[in-house]
Structures are given as structure tokens and as C-alpha cells.
Amino acid sequence: MSPHEPGSGRVKRLFRLNAGGRGRSAEADTDAELRFHFEQRVDALLAAGRTRDEAEAEALARFGPFEESRAQLVEAARHREETLNMLDRLGAFRQDLGYVVRQLRRAPGFTAAVLLTFALGIGANATMFSVIDRTLLRPPAFVRDPDRIAALVAGTDGEFDQLTSNFPVYRALRDNATAFDHVAATATVDVPLGRGEGAQNVSGMLATATYFPMLGVSPALGRFYRPDEDQEPMGAAVVVVSYDFWQRQFSGVSNAIGARLFLGDRDFTVIGVTPKGFTGIDLVAPALWIPMSTASGLQPMGTGWARTSVATWLRVFARLRPGVPADRAADDAMRIARAVAPSAFFTQKAWAFRLVPIMRARASEEGASASVLTLLGAMSAIVLLIACANVANLLVARGLRRRREIAVRLALGVSRSRLVAQLLAESVVLALAGGAAALLVAYWGGGVVRRLLLADAPVDVSPVDLRVLAFTAIVALAVGIVTGLVPALAASSPDLAGALKQGVREGGGQRMRARSVLLGTQAALCLVLLVGAGLFVRSLSRLGAMPLGVDLDRVLIGSMSLRAAGRPKAEVDAIFTRALERVRAVPGIAAAAVATTVPFGPSYGTGLAIAGPDSTVHETSMIIAATEDYFRALGSHVLVGREFSASDAEGAPRVAVVNEMLATRIWGKASPIGRCIRVGADTAPCAQVVGVVENVRRQSIFEDSSDFVYVPLAQARTGNSARQLVIRPAAGGDARRFIAPVRIAIQTSAPQLPYADVRLIADAPIVQEALRPTRLGAALFGAFGALALALAAVGVYGVVSYDVGQRTREIGIRLALGAREADVARLVVWDGVRVVALGAAIGVAVALLGGRFVAPLLFEVSPHDPVVLGGIAAALLAVATIACIVPALRAMRVDAVVALRAE
């Protein structure tokens, strides 16, 4: 029979019945249905007198384009089958979810414990992620192609840590470097805004006109300043304001463009507003951006800012041209720098530039704080592991308590896969609910950590955003699966015969060993966290005990930008004299003085000529000119002689005070009192040494002491017009409460003064930068350690309490055989403490191995400090003992008769 002729063979080939295998049921069902209809038609034609071949041929003809129709029917059947399967799965999921919710509602204590544990563990990680993401991971907002922007960092011998340069180097790179599309320079300054009692200090950035084009950002309103408005020696008086400043100062109105701001000693015109959330290259946005050449009065280098090639005070950034290797661009930049900056800094052959991506440069500027944050991120992961171990223990215990229920369900035909899915759903639901609660922890905790790290961050930036939400959801889902999988598999494979027997003791030794392993892991991880906290706290105490020569927490510093306001030196002296009188009149002020500089501020050097028995010794020393009460205001101790008095006026015999380091180095053990020193030059008048004061740190709390000579302000010949007030409130209470009245006293000492800045010396940026990493580490390691300790205590209690419940019969037998209640309690406590002790020993080993990571962040404390290691281990064991007491007391109250009858 030909292929075109009807026949049974052709019919069989057309109506193939695909019954073999999953995924082909749609084709099989379609073929079966088509065959049924075909045979019905053939039977009708046979009844009408046709032969079979004729009947089959006519039936096929009436079916039309068979293959096309069959394909459409198969596709429709598949779609229907997928829809039904999806509905079945959704129905099963809904049933499982309802079952899980009912089970969790029946165990409110268990549910609350797991939710709290997950909320704390996941919340700690969400908190650290929100801070680390914004600080170290997230690229600057509105910056185009940030990967191509880098900071020029100089260094030698592989240590690239010099982040600053100067204007001649910037200008040469801008004009001659062919490897860059743009080169820009910035410097951060405080800008005095307004005059009189309403004056204030705002954060500002001096930025070259190339700064905004380099970043590729567009203004939210107005425009940015142009190159012709930033030309030395004096640019245009224009300013770009941040979005937050625009909202705060101008209420967000569009007519702020063209408004005038009095900055320093000039009126500036507002020409633009940056986009909301724009911070430039830095973590925190300044309030104002001012052309570099315009703010000459605000320059830290004074009038010679555009010419000096010796000092370094500018940060230089560049946008790399596409296709240019970074190494070649850095070499070219150093060649140009050496040509225009003939100083030792750039001409040493060992020095080189490196292009550091802005994200890494930002982390470098954060320095130790960034390292602490990274370490704390790892520690938060340890907290999560402890939480997971705790929840896994709870789930294992719950699974053991439900052995009979699970065995009954398996015996009734529930598949193991369905059972595992339901048990796993419990942990996932709990983890997701805990993740939702963790967002509250992250919202509060993230705000606290960011205030510790970024005190100037905008208040409207929420610690919880879409990235934190996504991170929290992913972590919660992963933790729910990982935590619940092993307990679910263990609980779904019980010994049916044993589990179905009434009265059998639940839980075998293997599962108790698993719970003990989890408890030991908790103890080890907890000890690591607590050791970190102890090391940072001990380091902080060493910092607090370090002799600095100044009472950080009791001294206020008052300053005004009178130079930026264009005041001459004589007027500056008169204003500060009046301000000193007003400050001394403030109730509660014990001492106040005026000085040219203060500890942790700018320092100035001078030459000394010291007459000796045989020849004149020439030295270089730091010099400070001050009024009487300077040392009393600082809290510095005069070791020998006296400090300045009101009689040390202009025209009186010249006197000087030296610090202990200078006195010891020049005169040794001999008394320096009455010695003659000439300050400034050999021809300077002789100043008689009248006192020796203790050593005071100059610009860093970690540096070695420097030589210092102090002279009365009225007799000073330094030419330094800088002035600052040093104020010491009376003992008692927080010295910060005097900031407001002292500022008012200074501000009202003369009309139209710029903002008077008054702050505690402990709040000075240099001091805060030095102390912040240790304080941050102590606070957050302590918080994480306390959290881990609480979780470990709950874990110990849970394991020991459950063990006591499982050993009721054994305890009853012991008591029946004459064991004392104290012996039973000792046994219970020992079983719990023994596991924790083993975990603590492992934790000590881990802490010893990991000590090298935290060592660079500590001050005069070894990461292997035996006091910290031993004390923390003892504290952990003490907490474990306390956690075992309640189960031990319950074990002591076991009635032997009741226990044996229950079995």
C-alpha cells in the first residue's frame, strides 16, 4: 500500500499512543482522544456499507490537515496540564503554609525564641551591611563611570599613603598630562557664614573648575562654575550649594539662584545646586563648593597657595582616558610633578605616583575605621552563625518532641519529601519573619553606627534602603534553608517502631551529640567575639591613661576665622582680649587664656639659641605664645618654677617656659630655671626660663613628644596672627554644657564677627580620628559579644534543660539508689559546662590564630593578652554555669517514684 493510500498501517502511524514517560502525557492523551473520534467515524461509515479502507480514507479526509491540528491540540493539552500542575503546587503550598502557621501558633514560646534569635542575628548583619555598603562598597552617586576616576597617591617602598599634593603640581598635570581626560583638585575647609550673633560655620570644599566635569555630574538647579571663574590669583565670588543646604537655607525655592551669601569677608552669589544625595568623591557632602582661586582667605596655605611647591595640602583626582594603562599614566604624572615641584618629596627617585580607584582611596582616607568596619562585618557573620546554631538546636529539640507525630504521619502514607518540605517551610517562614524584624534592628543599629562613624552624614539618609532590603531577604532565605535542612532531614527519618511505642525515651545519643556539637560551636564563636571586645576595651583604657599633657575632656577651644574676615592683626588682638574678658566672666569658668595655637592644632617652628658654658647651642623647637593661665586652662602641670603671670607684659623682662623634653635634652639634670634662651635668632633678646611644663602632644596622640618653648603673648615676636581661646570649666558635670554660653560670650565681644567655633578639645578632628577606630571597635565588638553571650546562654539552657527532661528516669533511678540532690545538680551542671569549656578552648585557639588581623588596630595591647583571654574564658564559663542552674534545680526536684511510674 502506497503512502498516499489509506490503510490500517498508515492509521497506526498517525495515531501513535505515547504513554511512555513523564512529559509526554499531553501527546498520549491527544492521540488517544483523536483515535477515539476517528474510530467512531469509521464505525459509522462501516455501518453505512463502506469497506474499512473506504471508511478510513473518508474519515481521514474529513479530519482535514491532521498533523497541524494534532500539534495545536497537543500544545493546548500541555498548557492545560501545566496550569493544573501549578494550581496543584499552589494548593499544596497553601496547605503547607497553613499547617506551618498552625504548628507555630501552638508553640508560642518556641516561635518567639526563634524569631528573636533570627531578628538579632540577621539584624546585626543587616546593620553592618548598611554601613559598609554606604561607606566602602557603594560608588558615589551621580558620578559617571566612577571606575575611571582615581586619586593620585604618592609613596615609596611600596607604601602609597601620601594623599595630598599642591597647586603647582595640579596645574602642571591639568595642562600637560595626556593620559587624563580631566584633572581636579580639592581641599576641605570650614567656611564662616554670615556675621554677628547669627553667624555660623559650614563645611566647604575648595574645588577647581574641572571638578564637576571630571565627575560628569549635572546640577539639579542652575549651573556649576566655569574655568574663567576659577583663575588665580582671584576668581569670581560664586558658590555652588548642596541640595541639603538649599533646602535648609532657602527652603528649596528656585529663586535661590542669584541669592547672596556672606562668606569670610566677601559676598558670594549662589549659581547652582547639586543633585539630592550627591556627595562628590567623599562620603559626606560639604554644604558649599567654592572655586579654588576665589577663597584665598580660606586657603590653609595663605596668600602663597598657588606658588608653594614644598607643602602638600590638596587632593588631586583624575579621570583616566579610555585605553590608557594606569601604570603608564601614574609614571607620566610623577615625571610632570618632579619637573614643577623641586622638593625632596617629589625628586627622590624612590617616590612614585599610583592611581588608586576612588572607592579604595575613600577606604584609605577612612584608614583604621575602614579596617574596623571590615573586621566588624566578619564578626557580625559570626553572630549569625551563633544564631543559626542556636536555632538549629531548637529545631532539633522540636523535631525530637514531634517524633511520634511524624512517625504517625509517615505510617499513614505521607511521603518523606512532603514531610521534609513542611519541616523546612517552618524554618524558612521563621527566618523570613525574623528578617522582617531584623530590618527594625538595622534601622536603629545602622543609624547608631553611622553616627559613630559619619557624624556629619545627612539625617534624611535612611539606614534601610532597597539594597539593605534585598540583602536582608537573601540572608533570611539562605539562613532559613541552611538552618532547617539538617533538622528536617533528621526529624523525617525516625525509627517508626520505636517512635510509635508509648513511653519510649525520645532522642538518641547521636542527636544529643549533635546538639552538644552545636553548643560547643556557639561557645567557641562567642569567645572569639568577646576576646575582640576585651582587646578593644583594654586598648581604649590604655589610650585614656596615656599622658597627653592636656585634659581632653575638660578643655574647650574657641576660635574665629578673623583672617578670612579680613581683620588686621591689631584688631584681632583687641577682639580676642575682649572675648577673653567676657569668657572669664561666664559663671563656672575656672580658667581661660589666649594662645597662638593649641594641642592637636596647627604648629609653628622657630630657632633657639641657647647660651652654654662653652658655646651657643642652636636648636629648632615648636613655639606657642600665650597669656597667663594657659597651662592651668589646659590642665598641664608645671613641674618646676612658674607659669606666666599678668606682670609678664610688653616691656617687662622677657621670660619663657620650656617643656620637660627640651629641658632634659639641653640641660640634663641641671635646673633650667634662670637660663637664657634667644627665641628666633642669635640677636633676639634673652628670655629667662622661669618654668618647666610637662610634655604635651603636638598634632597626634600617638606621636613622640616634641620640643616646645612658650613665651608670653604680650612679648611674642613670632609674627603669628592666629589666635585661639583655651577655656577650662570648673570640675564637675559635662564640660560640653559650657559650649553655648562661651560661644555667646565670644560672639558678642564685637559687632559683625564671623562664627565663633567652640568645641571640646576631645572633639578635635585629629583626636576623633585617632580614637574613633578604638571606640568603634570597643562599642560594636562589645555589643556583638554581649549578643553572642546571650545567645550562647540561651543555647546552654536549652540543651541542658532538654537533657534533664530526657534523663528523668535515669535521675529518678539515681535518687532511688541513694544519690544526693547536690550530686544530681553537680552532674547536670558539669554536663553543660564541660561542653562549653571544650568550645571555649577551641575559641581561645581561634582567637590566638586570628590575633594578627586585629593587632594593627590596638594600642599597647597584645592580641594574645593573657588577661583578656583568661578573663573572657572565665566569664563565659561563669555564664554557662548560671545557665545550667535552673535545669539543675529542676533535676533536684525530680520525684523518683513518679519518674519510674511514668516510664
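These numbers come from a predicted model, not from an experiment.

Calculation rules
- Residues numbered from 1 in each chain as written.
- Predicted model: local features only at pLDDT ≥ 70, side-chain atom pairs only at ≥ 80, totals over all residues.
- Heavy atoms only, no water.
- Helix = DSSP H or I, 4+ residues; strand = E, 2+ residues; numbered from the N terminus.
- Contact = heavy atoms within 4.5 Å.
- Areas by Shrake-Rupley, 256 points an atom, 1.4 Å probe, with all protein chains shown as cover.
- 1 Å grid on protein atoms, 1.4 Å probe; cavity = no way out; pocket = protein on both sides within 12 Å on 5 of 7 lines; lining within 4 Å.
- Points joined across faces, edges and corners; volume = space filled by probe spheres on them.
- Nonpolar A, V, L, I, M, F, W, Y, C, P; charged D, E, K, R; others polar.
- Disulfide = S-S within 2.5 Å.
- Axes fitted to C-alpha atoms, helices over the stretch in contact; angles between N-to-C directions.
- Parallel < 35°, antiparallel > 145°, perpendicular 65-115°, else oblique.
- Left-handed = near helix turned anticlockwise from the far one by under 90°.
- Expected span 1.5 Å × (residues − 1).
- Buried < 20%, exposed > 50% of the residue type's maximum accessible area, 1.4 Å probe, protein only.
- Arc of directions from axis to C-beta.
- Salt bridge = Lys/Arg side-chain N within 4 Å of Asp/Glu carboxyl O.
- Pairing = 2+ DSSP bridges.
- Core = buried A, V, L, I, M, F, W, Y, C linked by side-chain atoms within 4.5 Å.

A.B. asks: Could you give an account of the overall build of the protein chain, naming the residues involved and the relevant values?
C.D. replies: Tallying secondary structure elements over the protein chain gives 26 helices and 22 strands in all. Counting only contacts in the protein chain whose residues sit at least 6 apart along the sequence, the fraction spanning at least 24 positions is 79%. Carbon and sulfur atoms make up 58% of the accessible area of the protein chain, which totals about 41300 Å².

A.B. asks: Quick one: what's the story with empty space enclosed by the protein, residue by residue and with numbers?
C.D. replies: All chains considered together, the criterion is met by 4 cavities of 30 Å³ or more. Estimated volume of the second largest cavity: approximately 60 Å³. Lining the second largest cavity are 14 residues, and of these Val598, Pro599, Ile624, Arg698 and Phe708 sit closest to its centre. Considering only residue class, the lining of the second largest cavity consists of 9 nonpolar, 3 polar and 2 charged.

A.B. asks: Give me unusual backbone geometry: which residues, what numbers.
C.D. replies: We note that Phe142 has phi near 70°; this positive angle belongs to a residue other than glycine. With respect to the secondary-structure elements, Phe142 resides in the loop between helix H5 (108-137) and strand E1 (149-156).

A.B. asks: Lay out the state of the cysteines with the relevant residues and their values.
C.D. replies: Here the structure, examined in full by the defined rule, presents 1 disulfide. Through a disulfide, Cys676 is tied to Cys686; the S-S separation comes to 1.8 Å. Linking Cys676 in strand E18 (residues 676-679) with Cys686 in strand E19 (residues 686-693), this pair joins segments that are 10 residues apart in sequence.

A.B. asks: Residue-level account of the packing of helix H24 (residues 821-854) against helix H25 (residues 866-892), with values.
C.D. replies: Interhelical geometry of H24 versus H25 gives an angle of 155° and a closest axis separation of 8 Å. Between H24 and H25, the crossing angle belongs to the class labelled roughly antiparallel. Note on packing geometry: the crossing formed by H24 with H25 is right-handed. Along the contact surface, H24 presents Glu821, Val824, Ala825, Val828, Val829, Gly832, Val833, Val836, Ala837, Ala840, Ala847 and Leu848, while H25 presents Leu869, Leu876, Leu877, Ala880, Thr881, Cys884, Pro887, Ala888, Ala891 and Met892.

A.B. asks: How would you summarise helix H18 (residues 569-584) if you had to cite specific residues and measurements?
C.D. replies: With 16 residues, H18 should cover 22 Å at 1.5 Å per step; its first-to-last C-alpha distance of 23 Å lies within 8% of that length. Listing the buried residues of H18 in full gives Val572, Ile575, Phe576, Ala579, Leu580 and Val583. One side of H18 holds all its buried residues, which, seen down the axis, span an arc of 140°. The outward face of H18, more than 90 degrees from its buried face, is lined by the exposed residues Ala570 and Glu581. Packing partners of the buried residues in H18 comprise strand E12 (556-560), strand E13 (589-595), strand E21 (724-729) and helix H21 (739-747).

A.B. asks: How would you summarise the pattern of salt bridges if you had to cite specific residues and measurements?
C.D. replies: Within the structure shown, the criterion is met by 23 salt bridges. Here Arg335 ties to Asp332 by a salt bridge, and the two come within 2.3 Å at their closest N and O atoms. In this pair, Arg335 and Asp332 are both assigned in helix H9 (residues 326-340), 3 residues apart and thus about one turn of the helix distant. By relative accessible area, which is 15% here, Asp332 ends up buried. Across the salt bridge formed by Asp823 and Arg820, the nearest N and O atoms sit 3.3 Å from each other. Here the residues in one salt-bridge network are Asp145, Arg148, Asp181 and Arg321, joined through shared partners.

A.B. asks: Outline H9, supporting the account with residue identities and numerical values.
C.D. replies: An ideal rise of 1.5 Å per residue puts 21 Å on 15 residues; H9 measures up with 22 Å between its terminal C-alpha atoms. Buried within H9 we find Ala329, Ala330, Asp332, Ala333, Met334, Ile336 and Ala337.

A.B. asks: Tell me about the pairing of E12, residues and numbers included.
C.D. replies: Counting buried positions along E12 gives 4 out of 5 residues, so the element sits mostly inside the fold. With 3 bridges connecting them, E12 and E21 associate as antiparallel partners. Residue pairing in the sheet places Leu556 in a bridge with Ile727 of E21. Pairing analysis gives 5 bridges linking E12 to strand E22 (residues 756-760), with the strands arranged antiparallel. Across the sheet, Met560 pairs through a bridge with Ala756, a residue of E22.

A.B. asks: Requested: an account of the layout of surface pockets, with residues and values cited.
C.D. replies: If you add up the space inside the second largest pocket, you get close to 570 Å³. For the second largest pocket, the lining is made up of 32 residues, of which Thr627, Pro712, Leu713, Ala714 and Gln715 are closest to its centre. Broken down by secondary-structure element, the contributors of at least two residues to the lining of the second largest pocket are H18 and strand E15 (616-626). Among the elements that make up the lining of the second largest pocket, the one with the highest residue count is H18 (7 residues).

A.B. asks: Account for the side chain of Ser539, with residues named and values stated.
C.D. replies: Within the secondary structure, Ser539 is located in helix H17 (residues 509-545). Here Ser539 is in contact with Thr774, Leu858, Phe859 and Val861, once residues within four sequence places are set aside.

A.B. asks: Describe the nonpolar core, and please don't skip the residues or the numbers.
C.D. replies: Counting 75 residues, the largest nonpolar core has Tyr630, Val658, Ile677, Tyr710, Leu725, Val742 and Ile746 as its most contacted members. Core analysis: the next-biggest nonpolar cluster, separate from the first, contains 64 residues, Leu519, Ala788, Val800 and Leu857 among them.

A.B. asks: Break down the environment of Ala256 for me, citing the residues and quoting the values.
C.D. replies: Along the polypeptide, Ala256 turns up in the loop between helix H8 (243-250) and strand E7 (260-263). Judged by relative accessible area, which is 2%, Ala256 ranks as buried. Taking C-alpha positions, Ala256 is 8.7 Å from Gly272, a pair spaced 16 residues apart along the chain. Those residues in contact with Ala256 that sit more than four places away from it in its chain are Trp246, Phe250 and Val270.

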